[in-house]
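These are the residues of each chain, in order.
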Amino acid sequence: LLFQNLTSVVLLRILRALGIISFEDIAVDKAKNWLPLNGFFVLMLLTGFFSLRLLSVPMMTIFKNSSNFLVALGDFFFHGRYISAGTLLCLGIMIGAAVVAAMHDLMLDRM
């Protein structure tokens, strides 16, 4: 992971030096503002990783895809944002495919 990040940074700096892309330098105040979000992201990755000890990968996929649907519902109920038919169709296909993939593996470990 460190190698991937370093490679990305070096590649971006080279492209910027060649004038192919442009971006702002990192600002410490922006980094401080984003730090809590990055912390929650790392916690999400860790909890997902540790949950694989108790759940199968298909079950995790169902839960992950269901969370996308719950976020869309939250946008509708809390912010009044309407969800397009195409978005609902995509969410339904994602959840349906995950359920079909996990159909023979729907079990939980009681620890």
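Quantities reported herein were computed from a predicted structural model and do not represent experimental measurements.

Student: Explain the nonpolar core here, please?
Tutor: One recurring pattern in soluble globular proteins is that nonpolar side chains are buried together. Grouped together as the largest cluster of nonpolar side chains are five residues: Leu55, Met59, Ile62, Ala98 and Ala102. Here Ala102 is in contact with Pro58, Met59 and Ile62, once residues within four sequence places are set aside.

Student: Just checking my understanding: could you explain the packing of aromatic side chains for this structure?
Tutor: How two aromatic rings sit relative to each other is set out by the distance from centre to centre and by the angle between their planes. On inspection of all chains with the given rule, the structure shows three aromatic pairs. Seen from the ring of Phe23, Arg16 lies directly overhead, with NZ or CZ sitting 4.7 Å from the centre.

Student: Hey, could you run me through helix H1 (residues 2-17) in this one?
Tutor: Along an α-helix, a turn takes 3.6 residues, which lines up residues three or four apart on a common side. For H1, which comprises 16 residues, the first-to-last C-alpha distance of 22 Å matches the rise-based estimate of 22 Å (1.5 Å per residue) to within 8%. Where H1 terminates, the next one or two residues include Gly19, which has phi positive at roughly 80°.

Student: Mind showing me how you'd approach the environment of Leu12 here?
Tutor: One can find Leu12 in helix H1. With residues up to four places along the chain from it excluded, the contact list for Leu12 reads Ile21 and Phe23.

Student: Whenever I open this one, a nonpolar patch on the surface confuses me. Can you help?
Tutor: A cluster of nonpolar side chains, Phe40, Phe41, Val42, Leu43, Met44, Leu45, Leu46, Phe49 and Phe50, forms an exposed patch at the surface whose accessible area comes to about 950 Å². Structurally, Phe49 is set in helix H2 (residues 28-51).

Student: Honestly, H2 in this entry has me stumped. Any pointers?
Tutor: When the terminal C-alpha atoms of H2 are compared, their 34 Å separation across 24 residues agrees well with the 34 Å that a helix rising 1.5 Å per residue should span. Along H2, the sharpest change in direction is near 40° and occurs at Leu35; proline Pro36 comes one to four residues later.

Student: How do you make sense of the packing of helix H3 (residues 57-79) against helix H4 (residues 85-101) when you look at a structure like this?
Tutor: When two helices pack together, you describe them by how their axes are tilted relative to each other and by the distance separating the axes. Running from amino to carboxyl end, H3 crosses H4 at an angle of 160°, the nearest separation of the two axes being 8 Å. Viewed along their axes, H3 and H4 adopt a mutual orientation that is roughly antiparallel. At the point where H3 passes H4, the crossing takes the left-handed sense. Within the contact between the two elements, H3 uses Pro58, Thr61, Ile62, Asn65, Ser66, Asn68, Phe69 and Ala72 and H4 uses Leu88, Leu91, Met94, Ile95, Ala98, Val99 and Ala101. Partitioned by chemical class, the residues of the contact of H3 with H4 number eleven nonpolar, four polar and no charged.

What counts and what doesn't
- Residues numbered from 1 in each chain as written.
- Predicted model: local features only at pLDDT ≥ 70, side-chain atom pairs only at ≥ 80, totals over all residues.
- Heavy atoms only, no water.
- Core = buried A, V, L, I, M, F, W, Y, C linked by side-chain atoms within 4.5 Å.
- Buried < 20%, exposed > 50% of the residue type's maximum accessible area, 1.4 Å probe, protein only.
- Contact = heavy atoms within 4.5 Å.
- Phe/Tyr/Trp six-rings, centres within 6.5 Å; stacked < 30°, edge-to-face > 60°.
- Lys NZ or Arg CZ within 6 Å of the ring centre and 35° of its normal.
- Helix = DSSP H or I, 4+ residues; strand = E, 2+ residues; numbered from the N terminus.
- Expected span 1.5 Å × (residues − 1).
- Patch = residues over 30% accessible without salt bridge, like charges linked within 9 Å, V, L, I, M, F, W, Y side chains within 5 Å.
- Areas by Shrake-Rupley, 256 points an atom, 1.4 Å probe, with all protein chains shown as cover.
- Salt bridge = Lys/Arg side-chain N within 4 Å of Asp/Glu carboxyl O.
- Bend = angle between axes of the 7 residues up to and from the residue.
- Axes fitted to C-alpha atoms, helices over the stretch in contact; angles between N-to-C directions.
- Parallel < 35°, antiparallel > 145°, perpendicular 65-115°, else oblique.
- Left-handed = near helix turned anticlockwise from the far one by under 90°.
- Nonpolar A, V, L, I, M, F, W, Y, C, P; charged D, E, K, R; others polar.

The quantities given are spatial measurements derived from coordinates; they are silent on function.
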